[in-house]
Structures are given as C-alpha cells and as structure tokens.
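Understanding the architecture of this molecule
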Amino acid sequence: GDSVTQMEGPVTLSEEAFLTINCTYTATGYPSLFWYVQYPGEGLQLLLKATKADDKGSNKGFEATYRKETTSFHLEKGSVQVSDSAVYFCAHDTSGTYKYIFGTGTRLKVLA
Amino acid sequence: EPEVTQTPSHQVTQMGQEVILRCVPISNHLYFYWYRQILGQKVEFLVSFYNNEISEKSEIFDDQFSVERPDGSNFTLKIRSTKLEDSAMYFCASSETSGRGNEQFFGPGTRLTVL
C-alpha cells in the first residue's frame, strides 16, 4: 500500500551546517509530494511541494526534488539556522482519494 | 494570515468516557479532515468531510468515532467511549479544494491522553 518512509530523528546540527532529511515513498500513480514543518506549539505548515517528476519545490532556503526513478523527495538546506529547529514531515497525496500519507516526522535541532 | 485552530490543546480523560475535539477550519474552505499521530508513529488519516457528509474514512474510523459540523464555523471529532489506544495527537485540517496537489492546512493539534 501507499507509504512514506523518513529518516529517523532527532537530527542535531550546528548552525550553518548542511541539512538533508531523506524521504522515500510508495504510491499508486503519480502523487504530489509535500514537506510540512511543525514549529513548537503550532500546526503543520506547508514548506514546499512538487507535483510532477523532476519538479523542484523550494521555500525559505529549503529544496526538494521529485525523483520518480528513486521514489524520493529528500529535503535539503545549505545552511541551517537555529530558527529551523522543528519537526519535518514528508507526505504525498493519493490518487482518487482525499487523504495524505505521512511519514513519522523528523525532529531537527540546530545548535548555535 | 488565516489559520486552523483547535481546542483544547491537551485533553485528559478516563477510559470509557466520551470526548469531543473541536476545530475551526479556515472560513472559505470546503473540505475538512481529521488525522492522528500516536507517539512515535506516522500521522494517519482518519476521515474527510465535505458538503455535510463524510467523503472518505479509514479503517481506524470505526463506530466509536463521529464527525460533525454543528454550525458554520466548527468541525468536531467525537470519540464515544475512549480506549487507551486512542491516546494520540489529533490534527484537524481544511482545504479550499480537493484533488491532486491541493494544500491541506493543519491546526496545532489536540493531545488526547486516555488513562
């Protein structure tokens, strides 16, 4: 069935380090892919999305490329800040239904 | 910026009790959803709601669960007789449209603890 697998957290980095959070998916058809971020005490906010193969979503210095051949949508940022500390969720929509399929979330902690 | 709100932020209840989790979706949105996340596990879809009826539900959403839009602004999830395994974070979401690539907007969640 449909699923999303994210790397286990927590991920702890120093400020200005390079970030990669891996995400792979299993889906029927050609889903749209999403990264959501949850800051402490807040809801899940859409960070970026891509709707077809080879699309790159980007926002706030974060990027992810829709790789159909490897069924992946890895999140990257060149230089993280303390304010990026949050939980990051990878998700995809599903063909013919209303639901999203989420991963477990990856907690990122950035130290000054 | 419009946002989805949820109350309460944390609910503690005894096993067997009924709980109602409340959500106020974004005002011009037409599609509403509930998801939950058991600690350490994936965020799971429970139900979607459109035009005053359930449009889709998961196998988790059994007869113990119900949803309602009692007025023009609230969207509620009721668990009739809570079990220990219902302890989880419950997220409400809404979207303007459905279909491929649509963005679902999520609330901050209600943490439900069943003792």
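Turning to the interface of chain B and chain A, a few remarks are in order. Listed as interface residues are 23 residues of chain B and, on the opposing side, 26 residues of chain A. In this assembly, chain B packs against chain A so that about 1,900 Å² is buried in total across both faces, 53% of it on carbon and sulfur atoms. On the chain B side of the contact with chain A, Lys 42, Arg 100 and Phe 106 of chain B bury the most area, a combined 29% of that side's loss. Here chain B and chain A share zero salt bridges between them. The interface formed by chain B and chain A includes eight residue pairs in polar contact (both at pLDDT 80 or more). It is strand 4 (residues 31-37) of chain B that contributes the most residues to the side of chain B that touches chain A, four residues altogether. Across the side of chain B that touches chain A, the residue classes tally to eight nonpolar, eleven polar and four charged.

Attention shifts here to the side chain of His 29 of chain B. Residues and elements named next belong to chain B. Here His 29 is to be found in the loop between strand 3 (19-24) and strand 4. A distance of 3.4 Å separates a polar atom in the side chain of His 29 from the backbone nitrogen of Ser 95. Discounting chain neighbours no more than four positions away, the residues touching His 29 are Ser 94, Ser 95, Glu 96 and Phe 105.

Turning to the state of the cysteines, a few remarks are in order. Residue and element names in this part refer to chain A. By the definition in use, this model includes two disulfides over all chains. In this model, Cys 23 is linked to Cys 90 through a disulfide, with the two sulfur atoms separated by 1.9 Å. Here Cys 23 and Cys 90 share a disulfide; its torsion about the S-S bond, -70°, makes the bridge left-handed. Of this pair, Cys 23 sits in strand 4 (residues 23-26) while Cys 90 sits in strand 10 (residues 86-93); the two residues are 67 residues apart in sequence, bridging distant segments of the chain. Cys 23 gets classed as buried once you look at its relative accessible area, which sits at 1%. According to the relative accessible area criterion, Cys 90 is buried, its value standing at 1%.

Before going further, it helps to examine the side chain of Gln 6 of chain A. All names here are of chain A. Of note, Gln 6 is situated in strand 1 (residues 3-6). Using a relative accessible area of 7% as the deciding quantity, one classes Gln 6 as buried. A polar side-chain atom of Gln 6 sits 3.0 Å from the main-chain amide nitrogen of Cys 90. When sequence neighbours within four positions are dropped, the list of residues in contact with Gln 6 reads Ile 21, Asn 22, Trp 35, Tyr 88, Phe 89, Cys 90, Gly 103, Thr 104, Gly 105 and Thr 106.

Residue and element names in this part refer to chain B. Structurally, Gln 14 can be placed in the loop between strand 2 (10-13) and strand 3. Note on Gln 14: relative accessible area 48%, which makes it partly exposed. Through-space distance from the C-alpha of Gln 14 to that of Ser 98 is 36 Å; in sequence the pair is 84 residues apart. For Gln 14, the contacting residues outside a window of four places in its chain are Thr 82, Val 114 and Leu 115.

All names here are of chain B. A large share of strand 4 lies buried, amounting to seven of its seven residues. In strand 4, alternate side chains face the same way, and those of Tyr 31, Tyr 33, Tyr 35 and Gln 37 on one face and Phe 32, Trp 34 and Arg 36 on the other are all buried. Where strand 4 meets strand 5 (residues 43-50), seven bridges bridge the pair, whose relative direction is antiparallel. Along strand 5, the bridge assignment pairs Trp 34 with Val 47. The turn joining strand 4 and strand 5, which pair antiparallel and follow one another in sequence, is formed by five residues; a positive phi near 80° is taken by Gly 40.

Definitions and cut-offs
- Residue numbers here run from 1 along each chain, matching the order of that chain's written sequence.
- The lettering of chains begins at A and the numbering of ligands begins at 1, in the order of writing.
- For a predicted model such as this one, the threshold for reporting local features is a pLDDT of at least 70, and the threshold for listing and counting side-chain atom pairs is 80 or more; totals across whole chains, interfaces and linings nevertheless cover every residue.
- Hydrogens are left out, water is left out, and the side-chain values use all remaining heavy atoms of the structure.
- We call two residues in contact whenever any of their non-hydrogen atoms come within 4.5 Å of each other.
- Reported buried area values correspond to the accessible surface (1.4 Å probe) lost by two parts on association, with both partners' losses combined.
- Salt bridge, as used here, is a side-chain nitrogen of Lys or Arg placed within 4 Å of a carboxyl oxygen of Asp or Glu.
- Nitrogen and oxygen atoms within 3.5 Å of one another constitute a polar contact, given that in protein one can donate a hydrogen and the other can accept it, and given that sequence-neighbouring residues count only through two side-chain atoms.
- Helix and strand definitions here come from DSSP, where helices need a minimum of 4 consecutive H or I residues and strands a minimum of 2 consecutive E residues; each element is numbered from the N-terminal end.
- Classification convention: Asp, Glu, Lys, Arg as charged; Ala, Val, Leu, Ile, Met, Phe, Trp, Tyr, Cys, Pro as nonpolar; all other residues, Gly among them, as polar.
- A pair of sulfur atoms, both from cysteines and within 2.5 Å, is called a disulfide here.
- Note on classification: 1.4 Å probe, protein chains only; a residue is buried when its accessible area is under 20% of the maximum for its type, exposed when over 50%, partly exposed between these limits.
- At least two DSSP bridges between two strands are needed for those strands to be called paired.

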